[in-house]
Amino acid sequence: MKNAASKSINPCDSRAVANFYATQLHLCCPHSPTSYPHARRVHAHMTTSGFKPRGHILNRLIDVYCKSSHLVSAHQLFDKIPLPDIVARTTMLAAYSASRKPDVALEIFNTTPLRMRDTVFYNAMITAHCHDEDGHAAIELFRDMRREGFPPDNFTFTSVLSALALVADRETHCQQLHCAVVKSGTGLVTSVVNALISVYVKCASSPLVSSSSLMGAARKLFDEMPMRDELTWTTIITGYVRNGDLDTARRVFEGMEEKLVVAWNAMISGYVHNGFVSEALEMFRRMNLSGIKLDEFTYTSVLSACASAGLFLFGKQVHAYILRMEDELSRDFSLSVDNALITLYWKCGKVDEARMIFNNMPVRDLVSWNAILSTYVSAGRINEAKSFFIEMPERNLLTWTVIISGMAQNGLGEEGLKLFNQMKLEGLKPCDYAFAGAISSCAVLAALEHGRQLHAQLVRLGFDSSLSAGNALITMYARCGVVEAAHCLFLTMPFVDSVSWNAMIAALGQHGHGAQALELFEQMLEEEILPDRITFLSILSACSHAGLVNQGRSYFNAMNGLYGIRPDEDHYARLIDLLCRAGKFSEAEDAIQRLPFELGVPIWEALLGGCRIHGNMDLGVQAAERLLELRPQHDGTYILLSNMYADVGRWDDMAKVRKLMRDRGVKKEPGCSWVEVENKVHVFLADDTAHPEVQAVYNYLEELGMKMRELGCVPDTKYALHDVGSDKKQHGLSTHSEKLAVVFGLLKLPHGATVRVFKNLRICGDCHNAFKFMSKVVERDIVVRDGKRFHHFRNGECSCGNYW
């Protein structure tokens with residue numbers, strides 16, 4: 001360059017030198033990788049030669065640096081100019097806007113004198129605010145621009161309308177700017193009208209407006225446009241889709257002469273998000289048959305449809321089609337499609353296949369990591385999920401919510417709460433879904449006071465109207481024994497869905513309020529909320545716990561007859577449980593004979609449980625033998641069969657069962673009970689000697705026992721399932737874990753406070769009888785949750801009505 005300049009240009013001819021440098025800079029194509037190095041060489045040559053470039057050359061240099069993404073070099077040159085002109089300022093402002101650095105752009109704008117500004121300069125700053133998604137700042141700047149007398153042009157209105165689309169939630173917002181567009185004479189410019197249609201469309205989704213009115217205004221603009229481009233068609237179609245009017249969107253779509261890829265994708269996506277899977281797949285087939293090139297948006301929508309509908313084979317065919325037809329995949333294409341594939345495979349239960357896709361991904365983002373974490377959590381492989389969570393290079397709020405909820409769903413409530421606290425310590429503010437996971441953890445632990453604290457935090461943070469958190473609170477209060485609080489919450493929730501109804505029906509059933517559960521179910525039907533499988537499981541359980549045989553039988557028959565829900569094994573198990581608890585074994589056997597599938601563990605368990613209650617040895621032994629074949633390592637079957645033999649004094653048979661249990665290495669789960677006192681959980685075992693205050697408990701228990709015997713309470717030694725003397729049997733009964741926990745609660749909780757005790761196994765019959773007398777002696781409410789249900793003891797009665 002130096003030799004060329006010395007041969008062809010007279011150094012004294014400044015105009016020729018300037019033209020030479022201008023020509024060299026003109027060769028710098030903005031998107032060429034050689035532009036920046038060439039501009040740097042030209043700049044260096046000017047500096048070493050002593051040439052003092054004028055504004056147009058400096059502006060060209062700044063422009064090349066900016067478009068080559070070397071903003072540092074551009075700004076250094078800009079700062080050396082004594083008085084940058086409006087072109088240089090606009091170039092720098094636009095560059096910082098495109099780089100998402102609105103603060104620097106605003107600094108340049110504010111330091112530019114008003115006399116230097118022009119419409120283009122204002123347009124650049126309005127665009128910067130749009131890029132920063134600060135619609136209010138962009139609109140306010142537009143108002144300043146007009147007050148200062150700068151006339152808006154097409155680009156101004158396009159930018160400010162984009163800003164308005166970010167914040168508009170009332171019809172007047174759209175109408176005011178619409179009037180300004182008409183008055184300016186830009187009402188027929190395609191780009192401006194497209195932006196105006198977009199404003200109406202986005203504002204239509206606001207709860208403060210009538211969507212049909214705004215979509216009508218958008219459609220009027222669309223119909224009156226002299227020229228429409230791709231953006232026009234896709235904006236109006238997407239608008240109808242977003243506002244749930246798929247039929248109108250389809251009519252507009254079919255009216256297009258040339259159907260664009262974006263329009264096809266908008267229709268497919270709309271059908272998917274509204275649950276019309278067959279329509280989405282039909283559109284996909286039409287699109288493919290039309291020879292239109294499918295892109296990542298097409299594939300992700302179709303794969304999402306397959307995932308939500310469980311169409312694994314169709315999704316797998318789409319996967320194979322992608323592998324066969326798409327050769328060179330871009331980064332964005334691979335990333336979005338692979339993420340959708342992971343979701344498809346894990347929702348269809350193919351965990352290892354989903355992990356294989358993840359492992360083979362050329363690039364991953366946080367969506368990929370969260371998807372595979374959700375895979376392990378949903379599959380119940382919680383240990384792998386924990387390990388994966390630790391390995392994740394980054395985490396966001398969704399990550400924490402998934403793992404916290406996963407812990408709760410898998411019974412690891414304590415770990416869920418620890419993670420919730422760790423998330424807050426790392427500076428993340430929990431959302432309502434994260435709170436729902438933490439509250440579910442409290443439900444698992446029966447940690448009532450902690451759950452109440454989380455409820456208070458929800459209210460303070462303004463999440464008390466959250467549907468997910470409200471549903472979690474209903475379950476938490478119900479599982480902590482405060483069904484009244486659960487019902488009050490249900491009645492005061494601003495919005496309820498089928499999950500809310502199911503949770504409340506289940507809560508009432510668990511607490512022995514079967515009639516109330518059925519009333520709530522009928523109210524649910526009156527509200528035109530359709531029951532689902534979970535609803536009927538809850539209703540059948542409520543009927544079973546309350547002995548409502550006729551009602552339960554009727555609801556079971558209505559499942560398929562009225563609502564088209566085919567009962568599965570769990571529903572049949574509830575029916576068998578209902579009949580066996582009522583002693584209707586012949587009817588239960590008839591129902592079993594009609595089962596449309598082979599008998600599994602839930603059916604035999606229900607049968608064995610009923611036989612245990614009514615002493616049906618022959619059928620009970622048959623059920624136990626089948627369970628021992630199906631699940632030989634489960635301790636519950638051995639214990640129930642052993643207890644049945646003990647009930648009738650068949651001690652040799654009981655000993656054989658116990659020996660079989662030992663020979664197979666099956667260990668009995670130790671019975672334990674726990675009670676929360678002053679935010680601390682106290683755990684008791686049978687015949688406990690480890691608790692530091694256990695002696696005081698035994699002393700008070702003996703004192704209560706004397707008062708209870710005066711009221712007629714006699715230990716029922718048939719529940720002492722050992723071949724020992726009467727005295728030893730009575731002593732064994734008196735040291736059951738639930739008795740110790742209840743008495744400790746009576747000692748430590750304030751006078752009049754309800755004692756709430758939780759037990760991992762079924763409550764003992766003698767303890768059940770004792771608690772009725774105890775509630776009368778101490779004039780306190782006692783609530784005991786065992787492995788199946790709640791018992792509310794008050795004034796000598798139990799909520800179960802002795803039907804349990």
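We now turn to the structure provided with this report.

Along its length, the chain carries 43 helices and six strands. The globule rule puts the C-alpha radius of gyration for 804 residues at 28 Å, and the 37 Å found for the chain is more than 25% above it. Overall size of the chain, expressed as C-alpha extent along the three principal axes, is 125 × 60 × 50 Å. For the chain, the residues scored as buried account for 50% of the 804 residues in total.

A cluster of acidic residues, Asp103, Asp132, Glu133 and Asp134, forms a negative patch on the protein surface. In this fold, Asp132 is placed in the loop between helix H8 (119-131) and helix H9 (135-147). A relative accessible area of 42% places Asp132 in the partly exposed class.

Next up on the list: the sheet that holds strand E6 (residues 797-798). The strand order across the open sheet built from six strands is E2-E1-E3-E4-E5-E6, with neighbouring strands paired in mixed fashion. In the strand order of this sheet, the two ends are held by strand E2 (680-685) and E6, each with one partner. In the sheet, strand E3 (residues 755-759) pairs with strand E4 (residues 782-785) via four bridges, with the strands oriented parallel. When the sheet's bridge partners are listed, Val755 is paired in E4 with Ile782. In this fold helix H43 (residues 765-778) packs onto E4, strand E5 (790-794) and E6, with an angle of close to 35° to the strand it touches most, E5.

The subject of this paragraph is the packing of helix H7 (residues 102-110) against H8. At a minimum axis separation of 10 Å, H7 and H8 run at an interaxial angle of 155°. With respect to their mutual orientation, H7 and H8 come out roughly antiparallel. As H7 packs across H8, the resulting crossing turns out to be left-handed. Judged by residue contacts, Pro102, Ala105, Leu106, Ile108 and Phe109 of H7 engage Phe121, Tyr122, Met125, Ala128 and His129 from H8.

Scanning the model with the defined rule gives zero disulfides in all. With no disulfide partner, Cys767 has as its closest neighbouring cysteine sulfur the one in Cys764, 4.0 Å distant.

This brings us to the packing of helix H16 (residues 261-273) against helix H17 (residues 277-289). Where H16 contacts H17, the two axes come as close as 7 Å, and the packing angle between them is 160°. Overall, the two elements H16 and H17 adopt an arrangement that is roughly antiparallel. Judged by the sense of rotation from one axis to the other, the crossing of H16 with H17 is left-handed. Residues Val261, Trp264, Asn265, Met267, Ile268, Tyr271 and Val272 of H16 form the contact with H17, whose own contacting residues are Val277, Glu279, Ala280, Met283, Phe284, Arg286 and Met287. A per-class count over the contact of H16 with H17 returns eleven nonpolar, one polar and two charged.

On to unusual backbone geometry, then. For Arg100, which is not glycine, the phi dihedral falls at a positive 60°. You can see Arg100 is positioned in the loop between helix H6 (86-98) and H7. Phi is positive for Glu133, which is not a glycine, with a value near 55°. Structurally, Glu133 is set in the loop between H8 and H9. Residue classification places Glu133 among the exposed residues on the basis of a relative accessible area of 64%.

Relative to the helices and strands, Asn360 resides in helix H21 (residues 351-360). A sequence separation of 151 residues divides Asn360 from His511, and the C-alpha atoms of the two residues are 50 Å apart.

Below, the discussion takes up the pairing of E3. Here E3 lies mainly inside the structure; four of its five residues are buried. In the classification by handedness, the crossover that spans E3, the intervening H43 and the parallel E4 is right-handed.

This part takes up the pattern of salt bridges. The final tally for this structure, using the stated rule, is 29 salt bridges. When the shortest N-O distance is used, the salt bridge between Arg147 and Glu140 registers 3.4 Å. Note that Lys386 is salt-bridged to Glu415, the shortest N-O span being 3.3 Å. With a gap of 29 residues between them, Lys386 in helix H23 (residues 382-391) and Glu415 in helix H25 (residues 413-425) connect regions that are remote in the sequence. Assessed through its relative accessible area of 22%, Lys386 is described here as partly exposed.

About the thresholds
Residues numbered from 1 in each chain as written. Predicted model: local features only at pLDDT ≥ 70, side-chain atom pairs only at ≥ 80, totals over all residues. Heavy atoms only, no water. Helix = DSSP H or I, 4+ residues; strand = E, 2+ residues; numbered from the N terminus. Rg over C-alpha atoms; globule rule 2.2 N^0.38 Å. Buried < 20%, exposed > 50% of the residue type's maximum accessible area, 1.4 Å probe, protein only. Patch = residues over 30% accessible without salt bridge, like charges linked within 9 Å, V, L, I, M, F, W, Y side chains within 5 Å. Areas by Shrake-Rupley, 256 points an atom, 1.4 Å probe, with all protein chains shown as cover. Salt bridge = Lys/Arg side-chain N within 4 Å of Asp/Glu carboxyl O. Lys, Arg positive; Asp, Glu negative; His and termini not counted. Charge placed at Lys NZ, Arg CZ, Asp CG, Glu CD. Pairing = 2+ DSSP bridges. Contact = heavy atoms within 4.5 Å. Axes fitted to C-alpha atoms, helices over the stretch in contact; angles between N-to-C directions. Parallel < 35°, antiparallel > 145°, perpendicular 65-115°, else oblique. Left-handed = near helix turned anticlockwise from the far one by under 90°. Disulfide = S-S within 2.5 Å. Nonpolar A, V, L, I, M, F, W, Y, C, P; charged D, E, K, R; others polar. Right-handed = clockwise from strand over helix to strand, strands pointing away.

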